[in-house]
Amino acid sequence: MEEVSNKQILLKNYVNGFPKESDMELRISTIKLKVQEDSNTVLLKNLYLSCDPYMRPRMKKTEGSYTDSFTPGSPIVGFGVAKVVDSAHPKFKKDDLVWGITGWEEYSIIKAPESLFKIHNTDVPLSYYTGILGMPGITAYGGFYELCSPKKGETVYVSAASGAVGQLVGQFAKLVGCYVVGSAGSKEKVELLKNKFGFDEAFNYKEEQDLSAALKRYFPDGIDIYFENVGGKMLDAVLLNMRLHGRIAVCGFISQYNLEQSEGVHNLFCLISKRLRMQGFLAVDYFPLYQKFVEMVTPHIKEGKVKYVEDITEGIESAPGALVGLFSGRNVGKQLVLVSRE
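Computed from a predicted structure; not experimentally measured. (Residues numbered from 1 in each chain as written. Predicted model: local features only at pLDDT ≥ 70, side-chain atom pairs only at ≥ 80, totals over all residues. Heavy atoms only, no water.)

Trainee: Would you mind going over the overall build of the chain in detail, with residue names and values included?
Mentor: When helices and strands are tallied, the chain shows eight helices and 15 strands. Viewed in the frame of its principal axes, the chain has a C-alpha envelope of about 65 × 45 × 35 Å. Counting only residues that meet the buried cut, the chain has 56% of its 342 residues in that class. Counted over contacts in the chain with a minimum sequence separation of 6, partners at least 24 positions apart contribute 69%. Of the roughly 15,300 Å² that the chain leaves accessible, carbon and sulfur atoms contribute 50%. Across the chain, 40 positive and 40 negative side-chain charges occur, with their mean positions spaced 3 Å apart. (Helix = DSSP H or I, 4+ residues; strand = E, 2+ residues; numbered from the N terminus. Buried < 20%, exposed > 50% of the residue type's maximum accessible area, 1.4 Å probe, protein only. Contact = heavy atoms within 4.5 Å. Areas by Shrake-Rupley, 256 points an atom, 1.4 Å probe, with all protein chains shown as cover. Lys, Arg positive; Asp, Glu negative; His and termini not counted. Charge placed at Lys NZ, Arg CZ, Asp CG, Glu CD.)

Structure (structure tokens):
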């Protein structure tokens, strides 16, 4: 039975404040390239690992969250793309390509492979299954189409708009025929939104002294749909600028993840006065619609109507830096790590 070395990225201890690369460490262990026959497990060789904002709350001890905290001293886990090395599960066979939850390591044993999605279409880059055809893609699809029910001519605002999810929401909104504005944290990202992704307008939120005034400038008649990725002061400003019967899809609060004390939101009365609907959701809520989503988005990708920008770092050793960089906006587009080209 062949045994190989297995580089792993471990969480050293629970994290307070902004995460640092030193909160994680590289360990080299060994692993046998064979699973027990009656175990129902799958052995994966990881090809790509996804860096996602939701991973930050998992780096601290939390109770009652929708997902468990990482375990200090154990490999970090997250979404990835992998090849099946060996399988004792009837659904998977050697050399199958899959995406789903895996470990931050070169090889992973998956004890509940039912959560893996088999990859059938390899006409697009495999890395897309960490993004546009993976968790961020179904997040954008479910939150925008299913939760917000957009209509042609409506106004849409997307925060963190150049990120893995935001860039897709904006393009989906344009496919519907909406007017779309996005915000991001650099001039480069603003230009990307307008010139690459086709947003009608975009602005750098770091250059705005008054976020509410900025939104009023781009939405003089108000916002019908807000796709929420950041929380805090941005959400407060948006509430003041929503139109009657507007919808807010709450995807994430990246501005709050590293704070010891979360910022309060002061304009919630607008939910009443404007009869707004604000709803949080998780990607897994829409996993049952994955095939419907793929059938919708794949032709648009192949026709060039939906574009996707990735920020890829190479080598599992680079994973801690890539993850930490998310929280200072260092990445441009979807952040992922190339572990192996095989």
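Trainee: Summarise the sheet that holds strand β12 (residues 242–250); cite the residues concerned and give the values.
Mentor: Ordered in space as β10-β9-β8-β11-β12-β13, the six strands form an open sheet in which the pairing is parallel. Taken across any chain shown, the strands that pair with only one partner, and hence form the sheet edges, are β10 (201–204) and β13 (277–280). Direction aside, the axes of adjacent strands within the sheet are offset by 15° on average. By the bridge criterion, five bridges tie strand β11 (residues 223–228) to β12 in an arrangement that is parallel. (Pairing = 2+ DSSP bridges. Axes fitted to C-alpha atoms, helices over the stretch in contact; angles between N-to-C directions.)

Trainee: How would you sum up helix α3 (residues 187–195)? Please name residues and give values.
Mentor: Inspection of α3 places Lys 189, Val 190, Leu 192 and Leu 193 among the buried residues, and these make up the whole buried set. Taken around the axis of α3, the buried residues stretch over an arc of 160°, which confines them to a single face. Residues of α3 that are exposed and angled more than 90 degrees away from the buried face: Lys 187, Glu 188 and Asn 195. Its buried side turned inward, α3 meets β9 (179–184) and β10. (Arc of directions from axis to C-beta.)

Trainee: Report on the side chain of Asn 6, specifying residues and quantitative values.
Mentor: Here Asn 6 shows up in strand β1 (residues 3–11). Side-chain polar atoms of Asn 6 contact the backbone nitrogen of Glu 106, separated by 3.1 Å. Within the structure, the side chain of Asn 6 is placed 2.8 Å from the backbone nitrogen of Tyr 107, a separation counted as a polar contact. Apart from the residues lying within four places of it in its own chain, the contact partners of Asn 6 are Arg 27, Ile 28, Ser 29, Thr 30, Ile 31, Glu 105, Glu 106 and Tyr 107. (Polar contact = N/O pair within 3.5 Å; in protein donor to acceptor, adjacent residues only side chain to side chain.)

Trainee: Outline the UniProt feature "domain: Enoyl reductase (ER)" (unreviewed entry) in the chain, supporting the account with residue identities and numerical values.
Mentor: In this numbering, the UniProt entry assigns the feature "domain: Enoyl reductase (ER)" (unreviewed entry) to residues 42–337. The span residues 42–337 is 25% helical and 25% strand by assignment, and the distance between its end C-alpha atoms comes to 22 Å. (UniProt positions renumbered as here; feature names shortened; annotations may be inferred.)

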